[in-house]
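Now for the letters of each chain:
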Amino acid sequence: QKQVRMTTLTHRARRTEVGKNSEKKVESEEDTNQDRSPDNEDSGDSKDIRLTLMEEVLLLGLKDKEGYTSFWNDCISSGLRGGILIELAMRGRIYLEPPTMRKKRLLDRKVLLKSDSPTGDVLLDETLKHIKATEPTETVQTWIELLTGETWNPFKLQYQLRNVRERIAKNLVEKGILTTEKQNFLLFDMTTHPVTNTTEKQRLVKKLQDSVLERWVNDPQRMDKRTLALLVLAHSSDVLENVFSSLTDDKYDVAMNRAKDLVELDPEVEGTKHSATEMIWAVLAAFNKS
């Protein structure tokens, strides 16, 4: 089992490494609160949302000039898959099955299809097809493992999403945020994607910094859902260090401690609160267990 999930929250020495409509309402006697209904998720198809959660996570993980992620980061692959599930939930395409007496825990509940209408994003649509075609249904944790390719079942390898980082990077190139270059690393050539639109990345970084500093509300249910999701994913992808590295020492400590408090909350408790986006907490629960 990997013991690396909290590294960005506990070790500062690594700073040197940094350089969302509804089509039908799902009802249940035990799922009557609006916040628990999949219809309450935000629509990610809004034109003002320029980047997907996966694109934001990768952008945060890339070294600006070098154009690649840290070679020591073995968390970002699964973090990007978690981002795909949250993005699909926020766009009203999937949701968690309603809790029952036998299945109350987030990690025990299955991911269900709500709408199979295309999102316009290749990775999201590919995942949507997998979820639609899968019987029996699977849990959040299992889907992250399947999409990452971490399964011993040869019949499930078809669900692995391949070349995810490169495909996300190409999306960012098309959006004018990254560029494409070739770099030689002794025995091999590697395609890299340096950041060209540093303004967009700095806007993203500042948004996350402000969320735990100037705009800190000390209650995840009052936070902007996409910002909350991005903080959870940045932590799970081991790129949170990159977000806070430019802060002064005192602000860095405050930001890291608040982020740590956030991701150490009990997902089972937070996921049942009013207006909670269950998929965010389910993804966090899956990473906490892995």
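All of these numbers come straight from a predicted model, not from anything done at the bench.

Draft legend 1. Examining the overall build of the protein more closely. Looking only at helices and strands, the protein has 12 helices and 4 strands in total. For the protein, buried positions account for 52% of its 290 residues. Of the roughly 14200 Å² of accessible surface on the protein, 49% is carried by carbon and sulfur atoms.

Draft legend 2. Layout of the packing of helix α4 (residues 122-133) against helix α6 (residues 164-174). Two elements in contact, α4 and α6, have axes separated by 10 Å at closest approach and are oriented at 135 degrees. Considering their axes alone, α4 and α6 lie oblique with respect to each other. Within the contact between the two elements, α4 uses Val-122, Leu-123 and Glu-126 and α6 uses Val-164, Arg-167 and Ile-168. Taken together, the residues of the contact of α4 with α6 break down into 4 nonpolar, no polar and 2 charged.

Draft legend 3. Molecular detail of the confidence of the model for the protein. Scored by pLDDT, the protein comes out at a mean of 84, with 83% of its residues at no less than 70. Under a pLDDT of 50 for its full length, residues 1-49 has, in the predicted model, 112 contacts with residues more than four places off or in other chains.

Draft legend 4. A look at helix α3 (residues 76-90). Given a rise of 1.5 Å per residue, 15 residues ought to cover 21 Å, and the 20 Å separating the end C-alpha atoms of α3 matches this to within 8%. Taken from the residues just after α3, Gly-92 is the one with a positive phi, measuring 75 degrees.

Draft legend 5. View of the pattern of salt bridges. Following the criterion strictly, the structure yields 15 salt bridges and no others. Close ionic contact of Glu-200 with Arg-50 constitutes a salt bridge, the shortest N to O distance being 3.5 Å. Of this pair, Glu-200 sits in helix α7 (residues 198-212) while Arg-50 sits in the loop between α1 (7-10) and α2 (53-61), and the two are 150 residues apart along the sequence. Residue Glu-200 is classed as buried on the basis of its relative accessible area, which comes to 11%. Of the residues examined, Arg-50 reaches a relative accessible area of 39% and is grouped as partly exposed.

Draft legend 6. Local environment of the nonpolar core. Ranked by internal contacts, the top residues of the largest apolar core, which has 73 residues, are Leu-60, Leu-85, Ile-86, Ile-94, Val-140, Phe-244 and Met-279. A per-element tally of this core places helix α12 (residues 278-289) first, with 9 residues. Every residue in contact with Leu-60, bar those within four places of it in the chain, is listed here: Lys-201, Leu-204, Val-205, Leu-208, Leu-230, Ala-234, Val-239, Asn-242 and Val-243.

Draft legend 7. The packing of aromatic side chains, seen in detail. A complete count under the given rule lists 1 aromatic pair for this structure. A centroid spacing of 5.5 Å and a plane angle of 70 degrees characterise the contact between Trp-143 and Tyr-159, whose relative ring orientation is edge-to-face. Here Tyr-159 lies in the loop between α5 (140-148) and α6 and Trp-143 lies in helix α5, a separation of 16 residues in the sequence. Assigned by exposure class, Trp-143 and Tyr-159 land together as buried.

Draft legend 8. Representation of the environment of Gln-221 within the structure. Position of Gln-221 relative to the elements: it lies in the loop between α7 and α8 (225-236). Along the backbone, Gln-221 and Glu-270 are 49 residues apart, and their C-alpha atoms lie at a distance of 8.0 Å. When near neighbours in sequence (up to four residues on either side) are disregarded, Gln-221 contacts Glu-270, Lys-273, His-274, Ser-275, Ala-276 and Trp-281. A polar side-chain atom of Gln-221 sits 3.2 Å from a polar atom in the side chain of Glu-270.

Conventions adopted
- Residues numbered from 1 in each chain as written.
- Predicted model: local features only at pLDDT ≥ 70, side-chain atom pairs only at ≥ 80, totals over all residues.
- Heavy atoms only, no water.
- Helix = DSSP H or I, 4+ residues; strand = E, 2+ residues; numbered from the N terminus.
- Buried < 20%, exposed > 50% of the residue type's maximum accessible area, 1.4 Å probe, protein only.
- Areas by Shrake-Rupley, 256 points an atom, 1.4 Å probe, with all protein chains shown as cover.
- Axes fitted to C-alpha atoms, helices over the stretch in contact; angles between N-to-C directions.
- Parallel < 35°, antiparallel > 145°, perpendicular 65-115°, else oblique.
- Contact = heavy atoms within 4.5 Å.
- Nonpolar A, V, L, I, M, F, W, Y, C, P; charged D, E, K, R; others polar.
- pLDDT = per-residue confidence, 0-100.
- Expected span 1.5 Å × (residues − 1).
- Salt bridge = Lys/Arg side-chain N within 4 Å of Asp/Glu carboxyl O.
- Core = buried A, V, L, I, M, F, W, Y, C linked by side-chain atoms within 4.5 Å.
- Phe/Tyr/Trp six-rings, centres within 6.5 Å; stacked < 30°, edge-to-face > 60°.
- Polar contact = N/O pair within 3.5 Å; in protein donor to acceptor, adjacent residues only side chain to side chain.

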